[in-house]
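Now for the letters of each chain:
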Amino acid sequence: MPDAIYTLNELADLVDIRTRTIRSYIQQDLLRGPDSMGRNARYSDYHRKRLEAIKALRDDYALPLGEIQIGRAHV
């Protein structure tokens, strides 16, 4: 079964994180960029699961974003 595909707004609504925050996470290397670029950028279940993990590590465990970066915390 193929992964679900989301727009940035759909992804943000799904995980309850602002689009601006998602873009910031991409800039900080906490999350890889969209699977397709440009106006019709698309995000996959990888992005949803990664954002859910980041949110849990940040909110539930008070882990700083620097410790969650790709390659440091494998989630």
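Structure: see above.
Cut-offs used in this document
- Residues numbered from 1 in each chain as written.
- Predicted model: local features only at pLDDT ≥ 70, side-chain atom pairs only at ≥ 80, totals over all residues.
- Heavy atoms only, no water.
- Axes fitted to C-alpha atoms, helices over the stretch in contact; angles between N-to-C directions.
- Helix = DSSP H or I, 4+ residues; strand = E, 2+ residues; numbered from the N terminus.
- Parallel < 35°, antiparallel > 145°, perpendicular 65-115°, else oblique.
- Left-handed = near helix turned anticlockwise from the far one by under 90°.
- Contact = heavy atoms within 4.5 Å.
- Buried < 20%, exposed > 50% of the residue type's maximum accessible area, 1.4 Å probe, protein only.

Participant: Talk me through the packing of helix 1 (residues 8–15) against helix 3 (residues 45–59); I want residue IDs and the actual numbers.
Facilitator: The description of two helices packed together rests on the angle between their axes and the distance between the axes. Look at helix 1 against helix 3: their axes get within 10 Å of each other, and the N-to-C directions meet at 40°. With respect to helix 3, the axis of helix 1 lies oblique. In terms of crossing hand, the pair formed by helix 1 and helix 3 is right-handed. Across the interface between the two elements, Leu11, Leu14 and Val15 of helix 1 pack against His47, Arg48, Leu51, Glu52 and Lys55 of helix 3.

Participant: Could you give me a rundown of the environment of Leu30, with the residues and numbers involved?
Facilitator: Looking at where Leu30 falls in the secondary structure, it is placed in the loop between helix 2 (19–27) and strand 2 (43–44). Classification of Leu30 as buried rests on a relative accessible area of 0%. Remark: the alpha-carbon pair of Leu30 and Glu67, spanning 37 residues in sequence, is separated by 9.4 Å.

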